[in-house]
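Spelled out, the chains give:
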Amino acid sequence: MARTTDSDLAPHELRVLVAVADTGGFSAAAGTLGLTQSAVSHSVRGSERKVGAVLFERGRAGARPTPAGEKAVAHARRILRLLDVLTAETRGAARSEAAEGPLRITAFRSAALHLLPPALQRLRARHPGIEPRVRIVREVGRGTAGEVADGKADIAIATLGGSAPLPPGLVASGLFEEPYALVHAPGHAAPRSLPLVDWAENCGSHTRGWWAAQDWIPQATVEAEDDGAVLSLVSAGHGMAIMPALSLAGAPASVDVADLGPDGPTRQVGYVTTVELAGSTVVRALVRELRATVPRGVSLPGGEAGHRRTKL
């Protein structure tokens, strides 16, 4: 039988690390955990001694994780979550009960608006014991996958195939290919000549390659924080935008959507989870419902009432 050693961190030590990182200080963490400040400080020093690295920078403003501390806290969150899943699934298996417990989901805005609701409706109907908790994160940089890597989410709806490699310990699987289209105010004779309204988002290498090959796309004159703001600006006549289908699912009737043709850009939308949680009943349950509800061929909203589909 394997035995613990003096270098092993106990669950209560991991909880202290997470609490200090989340609250930004030893005193605040102590209040959250119901401990004294000295107990929290002693626990952190002990953890630092065991791992052989300084985990927090101490200062008058509080405590901030060092690069080593960020790694430690991310692993601590994932280990603590796995312990929770271990307990819940073991009890459920012993009682032959369905999946239950919290399921932390992170998604980018358009996926949260148009992809998750039907999947969660099916999930609640089939597994009333599962408690979904959804957090919306901008799909830029590390995006939704970064939330899973940091232990803040169990599963992410993410854009796959980008330039950044998947963080270690994570697995990903595609759900569908999402086409892009050009959106502009109605009635414009040459929408490609309009100024570009853009916003930051993660996209795959195919989309970036297509974008770089288009000599008609100008530099963005307006940049917005999210796709909803882009649609609003385009609707008001401030320019055109190139947007993915999920973002256009909520497009107002005051815009036209133009197909970019068979060689137009697409992005792969999928899910990301950890190697450990991929086999958990709660994650597997959501994946089944996502696969049952996602469109097999995502269509642009040109055929919907109130929108006019155009060709370039």
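The paragraphs below set out a description of the structure included in this document. The structure presented is a predicted model; accordingly, all values stated were derived computationally and were not measured. (Residues numbered from 1 in each chain as written. Predicted model: local features only at pLDDT ≥ 70, side-chain atom pairs only at ≥ 80, totals over all residues. Heavy atoms only, no water.)

### With respect to the overall build of the protein chain
Then, in step 1: The number of helices and strands found in the protein chain is eleven helices and twelve strands.
Then, in step 2: Long-range contacts, defined here as pairs at least 24 residues apart, represent 75% of the contacts in the protein chain between residues at least 6 apart. (Helix = DSSP H or I, 4+ residues; strand = E, 2+ residues; numbered from the N terminus. Contact = heavy atoms within 4.5 Å.)

### Some points on the nonpolar core
Then, in step 1: In terms of nonpolar packing, the biggest core is built from 28 residues, with Leu103, Leu115, Ile155, Ile157, Leu286 and Leu290 touching the most fellow members.
Then, in step 2: Breaking this core down by element, the ones donating at least two residues are strand 3 (101-107), helix 5 (109-114), helix 6 (116-126), strand 5 (155-160), strand 6 (170-184), strand 11 (266-274) and helix 11 (281-293).
Then, in step 3: With six residues, helix 11 is the largest single contributor of residues to this core.
Then, in step 4: With residues near it in sequence (within four places) discarded, Leu286 still touches Leu103, Ile105, Leu120, Leu123 and Ile155.
Then, in step 5: Judged by nonpolar contacts, the second largest core, of 17 residues, contains Leu17, Val18, Phe26 and Leu55. (Core = buried A, V, L, I, M, F, W, Y, C linked by side-chain atoms within 4.5 Å. Buried < 20%, exposed > 50% of the residue type's maximum accessible area, 1.4 Å probe, protein only.)

### Notes on the environment of Asp84
Then, in step 1: With respect to the helices and strands, the residue Asp84 is situated in helix 4 (residues 67-94).
Then, in step 2: Judged by its relative accessible area of 44%, Asp84 falls in the partly exposed class.
Then, in step 3: When the C-alpha positions of Asp84 and Gly101 are compared, they lie 8.9 Å apart, and in sequence the two are 17 residues distant.

### Topic: the environment of Gly31
Then, in step 1: Tracing the chain through its elements places Gly31 in helix 2 (residues 26-33).
Then, in step 2: C-alpha of Gly31 to C-alpha of Ala19: the two residues are twelve residues apart in sequence and 9.6 Å apart in space.

### Focus on the packing of helix 1 (residues 11-23) against helix 3 (residues 37-51)
Then, in step 1: Their axes nearest at 9 Å, the elements helix 1 and helix 3 cross at an angle of 110°. Put simply, helix 1 runs roughly perpendicular to helix 3. Residues Glu13, Val16, Leu17 and Val20 of helix 1 form the contact with helix 3, whose participating residues are Val40, Ser43, Val44, Ser47 and Lys50.
Then, in step 2: Classifying every residue of the contact of helix 1 with helix 3 by side-chain character gives five nonpolar, two polar and two charged. (Axes fitted to C-alpha atoms, helices over the stretch in contact; angles between N-to-C directions. Parallel < 35°, antiparallel > 145°, perpendicular 65-115°, else oblique. Nonpolar A, V, L, I, M, F, W, Y, C, P; charged D, E, K, R; others polar.)

### Overview of the side chain of Asn202
Then, in step 1: You can see Asn202 is positioned in the loop between strand 7 (196-199) and helix 8 (205-212).
Then, in step 2: Here the side chain of Asn202 touches Gly141 through a polar contact of 3.2 Å, landing on its backbone oxygen.
Then, in step 3: Apart from the residues lying within four places of it in its own chain, the contact partners of Asn202 are Glu139, Val140, Gly141, Gly143, Thr159 and Arg267. (Polar contact = N/O pair within 3.5 Å; in protein donor to acceptor, adjacent residues only side chain to side chain.)

### Topic: helix 3
Then, in step 1: Between its first and last C-alpha atoms helix 3 spans 21 Å; for 15 residues at 1.5 Å apiece the expected length is 21 Å, and the two agree.
Then, in step 2: Taken residue by residue, helix 3 has Val40, Ser41, Ser43, Val44, Gly46, Ser47 and Glu48 as its buried positions.
Then, in step 3: Each element contacted by the buried residues of helix 3 is listed here: helix 1, helix 2 and strand 1 (56-59).
Then, in step 4: Positive backbone phi, at 75°, marks Gly52, one or two positions downstream of helix 3. (Expected span 1.5 Å × (residues − 1).)

### Digging into the packing of aromatic side chains
Then, in step 1: Summed over the entire model, instances satisfying the criterion amount to three aromatic pairs.
Then, in step 2: Centre to centre, the rings of Phe26 and Phe56 are 6.5 Å apart; their planes meet at 90°, and the pair counts as edge-to-face. Of this pair, Phe26 sits in helix 2 while Phe56 sits in strand 1, placing them 30 residues apart in sequence.
Then, in step 3: Here Phe26 falls in the buried class, since its relative accessible area comes to 10%.
Then, in step 4: By relative accessible area, Phe56 is classed as buried at 2%.
Then, in step 5: With 6.5 Å between their ring centres and 75° between their planes, Trp210 and Trp211 make a pair best called edge-to-face.
Then, in step 6: For Trp211, a relative accessible area of 26% puts it in the partly exposed group.
Then, in step 7: A connected cluster of aromatic rings, assembled from ring pairs, spans Trp210, Trp211 and Trp216.
Then, in step 8: Stacked on the ring of Trp216, the Lys or Arg Arg192 has its end atom at 4.2 Å from the ring centre. (Phe/Tyr/Trp six-rings, centres within 6.5 Å; stacked < 30°, edge-to-face > 60°. Lys NZ or Arg CZ within 6 Å of the ring centre and 35° of its normal.)

Keep in mind these numbers describe shape, not what the thing actually does.
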